[in-house]
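Chain and residue survey
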Amino acid sequence: MTNATGPLYRRATTARSFVTTVRRQEETFNHLFDLTFGILDGALTNRIFCRLLNEDRNDSLKSHGRELGQTLGVDKLYDICQPDGFFTGTDWSIAVELKFDALTSLDQLAKYMLAFALERRSTAHRKPIVLAYIAPRPDDLTAGAFPFPLEKIGTDRLPTILGGAKTSVLKRLDPVMDLLPDLLDDLRVLAFSWSDFLGTLEQVQAGLPMETAEGRTVRRLLGGLADEIRHHPLARLE
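Attention in this report is confined to the structure presented alongside it. Just so we're clear, the structure is a prediction, and the values are computed from it rather than from any experiment.

**Considering helix 3 (residues 42-53)**
Compared with the 16 Å implied by 1.5 Å per residue over 12 residues, the 16 Å span of helix 3 between its first and last C-alpha is a close match. Summarising burial for helix 3: nine of the 12 residues are buried, a large majority. Among all positions in helix 3, only Gly-42, Leu-44, Thr-45, Asn-46, Ile-48, Phe-49, Cys-50, Leu-52 and Leu-53 are buried. For helix 3, the capping residue at the N-terminal end is Asp-41, with a side-chain oxygen 3.0 Å from the backbone nitrogen of Ala-43. One or two positions beyond helix 3, positive phi appears at Asn-54, with a value near 60°.

In structure tokens, the structure reads:
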């Protein structure tokens, strides 16, 4: 209780600052991100992330939210691993971690390795995997968190990553530990700015047709997410 002797009700913010206060909360944007990609067609999701990553893949990416553990047959996975975005396709899979003012860590990297390893165990299919960070200052985010360059990630980094993981994560990793060396060889960790992601959304949105109701609806959907980025007080757009 912040005021034990005062009134039970306390105004936390003013009406004027309410929108900014809500927008500053990472969880608010995360819900919009999850909702947007939960609605989008998988082929369009693939197009967005291929453009962001400069990839050329003809695939359809399925978005997984809180039901990821259920999909992979793992109880209470969300208690340990809470991906902001986790997308699986036939040819590749990508996880997305959204940052505004929070930090990352080796423990968080280990959690994403857990999600990728569980997906690989479930499908028995080896394919390229990507962990993409989106942050205001991506270079600062990753340089301060990982004691190795992102482009140097591989099997030889496994002891370092496990050394930075919490006991609860290591316990979940133990049954899939045999998958981790190959998984790290297949993993790319990349970091992008919010300006990069916003530019990608704008380019894809501009290429959608205005002639059909579906095209106009998807344009509005992507436009809404883009507007939230433009108005986010912590996005630090260039």
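**Here's the deal with the sheet that holds strand 5 (residues 187-193)**
Spatial strand order, 1-2-3-4-5: five strands in an open sheet with mixed pairing. If you trace the sheet from one side to the other, it starts and ends with strand 1 (62-64) and strand 5, each paired once. Averaged over all neighbouring strand pairs, the angle between strand axes comes to 20°, with direction disregarded. With six bridges connecting them, strand 3 (residues 93-98) and strand 4 (residues 129-135) associate as parallel partners. Each residue of the ladder has a partner; that of Ser-93, found in strand 4, is Ile-129. Strands strand 2 (85-88), strand 3, strand 4 and strand 5 of the sheet are contacted by helix 3, whose axis makes an angle of about 80° with strand 5.

**Re the pairing of strand 3**
Of all six residues in strand 3, six are buried, a share of seventy percent or more. Burial of the side chains of strand 3 extends over both faces: Ser-93, Ala-95 and Glu-97 are buried on one face and Ile-94, Val-96 and Leu-98 on the other. As consecutive antiparallel partners, strand 2 and strand 3 are separated by four residues. Once you follow strand 3 into helix 5 (residues 106-123) and on to strand 4, the crossover reads as right-handed.

**Let's talk about the layout of surface pockets**
In this structure, the largest pocket spans a volume of roughly 600 Å³. Looking at the largest pocket, it is lined by 21 residues, and the ones nearest its centre are Asn-30, Tyr-78, Gln-82, Pro-83 and Asp-84. Contributions of two or more residues to the lining of the largest pocket are made by helix 2 (26-39) and helix 5. Among the elements that make up the lining of the largest pocket, the one with the highest residue count is helix 2 (five residues).

**Concerning the packing of helix 3 against helix 10 (residues 194-206)**
Helix 10 packs onto helix 3 with a crossing angle of 130° between their chain directions and a minimal axis gap of 9 Å. By the angle between their directions, the pair helix 3 and helix 10 is classed as oblique. In the packing of helix 3 onto helix 10, the handedness of the crossing is right-handed. Together, Leu-44, Arg-47, Ile-48, Phe-49, Arg-51 and Leu-52 of helix 3 and Asp-196, Phe-197, Thr-200, Leu-201, Gln-203 and Val-204 of helix 10 make up the contact between the two elements. Here the contact of helix 3 with helix 10 is built from residues that sort into seven nonpolar, two polar and three charged.

How each quantity is defined
Residues numbered from 1 in each chain as written. Predicted model: local features only at pLDDT ≥ 70, side-chain atom pairs only at ≥ 80, totals over all residues. Heavy atoms only, no water. Helix = DSSP H or I, 4+ residues; strand = E, 2+ residues; numbered from the N terminus. Expected span 1.5 Å × (residues − 1). Buried < 20%, exposed > 50% of the residue type's maximum accessible area, 1.4 Å probe, protein only. Polar contact = N/O pair within 3.5 Å; in protein donor to acceptor, adjacent residues only side chain to side chain. Pairing = 2+ DSSP bridges. Axes fitted to C-alpha atoms, helices over the stretch in contact; angles between N-to-C directions. Contact = heavy atoms within 4.5 Å. Right-handed = clockwise from strand over helix to strand, strands pointing away. 1 Å grid on protein atoms, 1.4 Å probe; cavity = no way out; pocket = protein on both sides within 12 Å on 5 of 7 lines; lining within 4 Å. Points joined across faces, edges and corners; volume = space filled by probe spheres on them. Parallel < 35°, antiparallel > 145°, perpendicular 65-115°, else oblique. Left-handed = near helix turned anticlockwise from the far one by under 90°. Nonpolar A, V, L, I, M, F, W, Y, C, P; charged D, E, K, R; others polar.

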